[in-house]
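In case you want the letters, here they are:
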Amino acid sequence: MFGSDSFLWRRPSPIWAYGAALLSVSAASLISHWPLLHLGSSPVSLLLCAVMFSAWLGGVVPGLLAILLSALVFYYNFLPPVHALVSKPEQIPRFLVFLVSAFFVGTLSAAQRSAMESLRRAHGKLNETVQELKNTNAALTKSEAYLADAQTLSETGSFAWNLSTGEQSWSAEIFRIYEYDPALKPTFQAVLERVHPEDRDLVQKASQSAMRGEEFDFEHRLLMPGGSIKKLHVRGHALNRENANPEFVGAVMDITTMKNAMEEIQALRDQLYKENLALREEIDISRMFEEIVGSSPPLQAVLSRVAKVAPVDSTVLVTGETGTGKELVARAIHKRSQRSSRAFVSVNCAAIPRDLIASELFGHEKGAFTGAIQRRLGRFESAEGGTIFLDEVGELPLETQIALLRVLQEREFQRVGANESVKADVRVVAATNRDLRAAIAEGRFREDLFYRLNVFPIEVPPLRERREDIALLVEYFVDRFASKAGKKITGIGKKSMEVLQAYSWPGNIRELQNVIERSVIVCESENLSVDESWLERIAPAPDSGSQPLSERLAAQEKEIIEAALAETNGKVSGPRGAAARLGMPQSTLDSKIRSLKIDKYRFRKA
């Protein structure tokens, strides 16, 4: 209840305080009447002690209670007539003296108690403040240590500069940056002693700006005593601009490592740029254009047209014989276009069944036909934003030609089995080895589609018209296939090269590639040779120069009849049969089908 304290007991509850006042006065009265002590003539001291104890223990109110009780005890028990409950007017002066004394002692005791309590509280607050200061000091010391470590790691020092007095204060990192002894007094002159001579004007101008209250942010160099050069970034911020001489705080960062790294990166970038230019020049010298090898005038004319059309989005029609490299031309157009970062999708229209070509190009919805178990995106959607290459476009069925025409005209299409249109942002490059004009005349190719495709025609010359490129192509293919085979081939026999250049190459570059690959596989020395028998078996007759007219006419007739049978699902007779479509009697068509050995049943759909 009376928990101990370093100065006094804690103040008790009011009940205990009043009880203590009553008990203390009672005890003083009993003690003063105790016969053994013979204190009957001096009760005042005991009663005053009771008042003092009550006021000190309980405060003012318990003290007043003790004064009242003591006055009653003193008046009736100790003033003559003793123990008489009568008025004692002649003893009033003594009673008043006692009463004033008791009141004075009680007040003094209560004041002492209150003062001691205030001192105790002040002492407690002082202890708390001291502890807070200790914690703050510990946190500040820890923060300063972290700051010092951070400044060391970042190579950044801090400073304060009083312009009115010129006094400066530096962090430890600034002393390290300037390589000064920490005992040195920081001054602006000490800074100037380290500044590179060529940068001193810059630093002094910054100082003059600071004198005008302007903040500064600049870079300069230091020339150290050992001759090394450091690069610094200095920033200053004014704390009180309204004063005539504001105080500045700022930071000094050693950016030597960063600047050297940036200069090294820039040097490497410049070197890479130069090497890139040199590589481009080397490619040009090697007469390479994307993946197209050659320097002949016919090929250069093709490459010139490629360079002109590539940057625009115009549709391109690439024509030429089989094996001339039409897809390489299409890829070169894509790589040099603004769509080069997007997809290049190649579709061989002749290699896809006629019933599936529409689904392949434009996709289909689930259940569009037997086997369509889920939605499938077509090649046009796969090439969104890029380029689609339609190889052998002349082989497209008429119904697919109509869909392709819509894509070129409206820039939209429909998936097979869908009702909604899909926008198409695709560049179309088409290629064919057929004569599309003849196909138009025969009704196998739409004239309007031809003009939509033929916006910018490019004809790739056959290899026999660019014989000067054969040596370059041979060298290119030899290096390519020898590297794959792990062989070292340094040259090709003179006789073999003459044979290759004299050959007419009906299969063009693809045939040449196959011959070289075959020769590299069988080659057992560093000098490549070509077996002439490979060319003799596939070479045309020496004086014929071309296929006999009768054979060419029969081949064309067979092709026309097969196309008509395909369009009529193998039906020969009737108003919608192949005979009516070709404008000839049924018997004549049956005779030609037998003579040309055409299987009309393979054109019938199940």
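In case you missed it, the structure is sitting above this.
Quick caveat: nothing in here was measured; it's all calculated off a predicted structure.

Draft legend 1. Molecular detail of the overall build of the protein. Secondary structure summary: the protein contains 22 helices and 16 strands in total. Counting the 606 residues in the protein, one finds 38% classified as buried. Within the protein, contacts between residues separated by at least 24 positions form 63% of all contacts whose residues are at least 6 apart in sequence. Looking at the protein as shown, the accessible area adds up to about 35,000 Å², and 55% of this sits on carbon and sulfur atoms.

Draft legend 2. Expanded view of the environment of Ser171. Considering the arrangement of structural elements, one finds Ser171 in the loop between strand E2 (168-170) and helix H5 (172-178). Ser171 sits 81 residues away from Val252 along the chain, and the two C-alpha atoms are 10.0 Å apart.

Draft legend 3. Up close: the sheet that holds strand E9 (residues 344-348). With parallel pairing, the five strands of this open sheet are ordered in space as E9-E10-E13-E8-E14. This sheet does not close on itself; its edge strands, each paired only once, are E9 and strand E14 (456-459). Pairs of neighbouring strands in the sheet enclose a mean axial angle of 20°, with direction left out of account. Pairing of strand E8 (residues 316-319) with strand E13 (residues 427-432) involves four bridges; the strand directions are parallel.

Draft legend 4. Quick peek at the nonpolar core. Ranked by internal contacts, the top residues of the largest apolar core, which has 31 residues, are Phe380, Ile388 and Leu390. Those elements that provide at least two residues to this core are E9, helix H11 (357-362), strand E10 (387-391), helix H13 (398-410), E13, helix H14 (436-441) and helix H15 (447-453). The dominant element in this core, judged by the number of residues it contributes, is H13, at four residues. Ignoring any residue separated from it by four or fewer positions in sequence, one finds Leu390 in contact with Val347, Cys349, Leu361, Leu404, Val428, Val429, Ala430 and Ala431.

Draft legend 5. Main features of the environment of Arg406. Counting through the fold element by element, Arg406 comes out in helix H13. Setting aside chain neighbours within four positions, we find Arg406 in contact with Arg411, Glu412, Gln414 and Ser421.

Draft legend 6. How the structure looks around a nonpolar patch on the surface. A contiguous nonpolar patch, built from Tyr18, Val60, Val61, Leu64 and Phe103 and spanning about 470 Å² of accessible area, is present on the exposed surface. A total of three residues in the nonpolar patch trace back to one element, the largest contributor, which is helix H3 (residues 60-77). Mapped onto the fold, Leu64 is located in helix H3. The exposure class of Leu64 is partly exposed, given its relative accessible area of 43%.

Draft legend 7. Expanded view of the pattern of salt bridges. The tally for this structure, following the rule as stated, stands at 25 salt bridges. With a shortest N-O distance of 2.7 Å, Arg176 and Glu173 are connected by a salt bridge. Of this pair, Arg176 and Glu173 both sit in helix H5, three residues apart, which is roughly one turn of the helix. You can call Arg176 partly exposed: its relative accessible area is 37%. The partner of Lys423 in a salt bridge is Glu412, with the nearest N and O atoms 3.3 Å apart. Remark: Glu412 occurs in strand E11 (residues 412-414) and Lys423 occurs in strand E12 (residues 421-423); sequence separation between them is 11 residues. According to the relative accessible area criterion, Glu412 is buried, its value standing at 16%. Each of the salt bridges in this network shares a partner with another, and the network as a whole consists of Glu395, Arg434, Glu442, Arg444 and Glu559.

Draft legend 8. How the structure looks around the pairing of strand E3 (residues 216-223). The alternating pattern of E3 places Phe216, Phe218, His220 and Leu222 on a buried face, while none of Asp217, Glu219, Arg221 and Leu223, on the opposite face, is buried. Bridge count for E3 against strand E4 (residues 229-238) is eight bridges, and the pairing is antiparallel. Across the sheet, the residue bridging to Glu219 is His233, located in E4. Turn length for the E3-E4 hairpin, with the two strands adjacent in sequence and antiparallel, is five residues, and the turn residue Gly227 shows positive phi of about 95°.

Draft legend 9. Broad picture of unusual backbone geometry. Positive phi is not limited to glycine here, since Glu179 has a value of about 60°. Within the secondary structure, Glu179 sits in the loop between H5 and helix H6 (188-194). The residue Asn508 is not glycine, and still its phi comes out positive at about 60°. As for its position among the elements, Asn508 is in helix H18 (residues 508-522).

Draft legend 10. Structural detail: the packing of helix H1 (residues 14-32) against H3. Contact geometry for H1 and H3: axes closest at 9 Å, N-to-C directions at 25°. Here H1 lies roughly parallel to H3, going by the angle between them. Crossing handedness for the pair H1 and H3: right-handed. Residues Ala17, Tyr18, Ala21, Leu22, Val25 and Ser29 of H1 touch H3, and the partners they reach there are Val61, Pro62, Leu65, Ala66, Leu69, Ser70, Val73 and Asn77. Along the lines of polarity and charge, the residues of the contact of H1 with H3 split into 11 nonpolar, three polar and no charged.

Conventions adopted
- Residues numbered from 1 in each chain as written.
- Predicted model: local features only at pLDDT ≥ 70, side-chain atom pairs only at ≥ 80, totals over all residues.
- Heavy atoms only, no water.
- Helix = DSSP H or I, 4+ residues; strand = E, 2+ residues; numbered from the N terminus.
- Buried < 20%, exposed > 50% of the residue type's maximum accessible area, 1.4 Å probe, protein only.
- Contact = heavy atoms within 4.5 Å.
- Areas by Shrake-Rupley, 256 points an atom, 1.4 Å probe, with all protein chains shown as cover.
- Pairing = 2+ DSSP bridges.
- Axes fitted to C-alpha atoms, helices over the stretch in contact; angles between N-to-C directions.
- Core = buried A, V, L, I, M, F, W, Y, C linked by side-chain atoms within 4.5 Å.
- Patch = residues over 30% accessible without salt bridge, like charges linked within 9 Å, V, L, I, M, F, W, Y side chains within 5 Å.
- Salt bridge = Lys/Arg side-chain N within 4 Å of Asp/Glu carboxyl O.
- Parallel < 35°, antiparallel > 145°, perpendicular 65-115°, else oblique.
- Left-handed = near helix turned anticlockwise from the far one by under 90°.
- Nonpolar A, V, L, I, M, F, W, Y, C, P; charged D, E, K, R; others polar.

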